[in-house]
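Structural description and commentary
Here's the letter readout for the chains.
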Amino acid sequence: MGPSRRSIEIRAVRMPRDEGSAALEFITTGMILLVPLIYLTLAIAAVQGGALAVEGAARQAARVYVQAVDEGAADAAARRAVEVALADHGLAAEYELAVLCSPTPGECLERLGSVTVTVGVVVTLPLVPSVLDLNAPLGIQLEATATQQVSRFTADQAP
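Below, the structure is looked at part by part. Note that the coordinates shown come from a computational prediction; the quantities given were computed from them, not determined experimentally.

The next point concerns helix 3 (residues 71-88). Over its 18 residues, helix 3 runs 26 Å from end to end, which matches the ideal 26 Å to within 8%, given 1.5 Å per residue. Every buried residue of helix 3 is listed here: A74, A77, A78, A81, V82, A85 and L86. Looking down the long axis of helix 3, one finds its buried residues gathered within 160° of arc, a one-sided arrangement. Those residues of helix 3 that are exposed and aimed more than 90 degrees away from the buried face are R80 and A87. Next to the buried residues of helix 3 lie helix 2 (21-66), strand 1 (96-102) and strand 2 (114-124). One or two positions beyond helix 3, positive phi appears at G90, with a value near 75°.

Structure representation (structure tokens):
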């Protein structure tokens, strides 16, 4: 025979009821999964924006470098181009700029020579306070390189 009616009533009284807890569990689990996903999206967007900024800065710096009249003006124009490109994307003014010239390293603006500009910058991760000065990196180092050729129609430079 099956269980008596009395034992079913006793079991029903002793068992806790699960009514209403599914919504709470769904909201809690959703928040636990959603917050890291949103942060990951913000971090990826910051890094992608920084990568585009650094690549654009290197390309523009190489372009203005090869169009300058002398190397002093070329260096100043390249630095100005990098600062403007990084400021347009909201990145910090701290950057590294390296210029390599070929075939003659000392003469960057000779006809048909190549100028390679490398720009490096640290993109800080979003929502990370600077108070957390841990041994872990709080930013990501990005670097871009661009090469331009000096025109063969460049005017001869004065000795």
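The geometry of helix 2 relative to helix 3 is characterised by a closest axis approach of 8 Å and an angle of 155° between their N-to-C directions. In terms of axis orientation, helix 2 runs roughly antiparallel to helix 3. Two packed elements cross with a definite hand, and for helix 2 against helix 3 that hand is right-handed. Contact residues: A53, V54, A57, Q60, A61, V64 and Y65 in helix 2; E71, A74, D75, A77, A78, A81, V82, A85 and L86 in helix 3.

Take the side chain of T116 next. Structurally, T116 is set in strand 2. At a separation of 3.1 Å, a polar atom in the side chain of T116 contacts the side chain of T147. Beyond its immediate chain neighbours, meaning those up to four positions away, T116 contacts A98, V99, L100, T145, A146 and T147.

Taken as a class, soluble globular proteins show a tendency for nonpolar side chains to be buried jointly. Counting residues in each nonpolar core, the largest one holds 29 residues, and the members touching the most others are V82 and L86. When residues of this core are traced back to their parent elements, those giving at least two are helix 2, helix 3, strand 1, strand 2 and strand 3 (139-149). Considering each element in turn, this core owes the most residues, 8 residues, to helix 2. Apart from residues lying up to four places away in sequence, L86 is in contact with A53, V54, A57, L91, A92, Y95 and V121.

What follows concerns the state of the cysteines. One pass over the full model with this rule turns up 1 disulfide. Two residues, C101 and C108, share a disulfide whose sulfurs are 1.6 Å apart. In this structure, the disulfide formed by C101 and C108 twists by about 75° around the S-S bond and is classed as right-handed.

Here the focus is the pattern of salt bridges. As enumerated under the stated definition, the model contains 2 salt bridges in all. Put simply, R59 and E55 hold a salt bridge, and the shortest N to O gap is 3.3 Å. Placement of the pair is R59 and E55 together in helix 2, with a separation of 4 residues, close to one helical turn. Since its relative accessible area comes to 35%, E55 is described here as partly exposed. Note that R79 is salt-bridged to D75, the shortest N-O span being 3.6 Å. You can see R79 and its partner D75 sitting in helix 3, 4 residues apart, about one turn around the helix. Judged by its relative accessible area of 35%, R79 is partly exposed.

Cut-offs used in this document
- Residues numbered from 1 in each chain as written.
- Predicted model: local features only at pLDDT ≥ 70, side-chain atom pairs only at ≥ 80, totals over all residues.
- Heavy atoms only, no water.
- Helix = DSSP H or I, 4+ residues; strand = E, 2+ residues; numbered from the N terminus.
- Expected span 1.5 Å × (residues − 1).
- Buried < 20%, exposed > 50% of the residue type's maximum accessible area, 1.4 Å probe, protein only.
- Arc of directions from axis to C-beta.
- Contact = heavy atoms within 4.5 Å.
- Axes fitted to C-alpha atoms, helices over the stretch in contact; angles between N-to-C directions.
- Parallel < 35°, antiparallel > 145°, perpendicular 65-115°, else oblique.
- Left-handed = near helix turned anticlockwise from the far one by under 90°.
- Polar contact = N/O pair within 3.5 Å; in protein donor to acceptor, adjacent residues only side chain to side chain.
- Core = buried A, V, L, I, M, F, W, Y, C linked by side-chain atoms within 4.5 Å.
- Disulfide = S-S within 2.5 Å.
- Salt bridge = Lys/Arg side-chain N within 4 Å of Asp/Glu carboxyl O.

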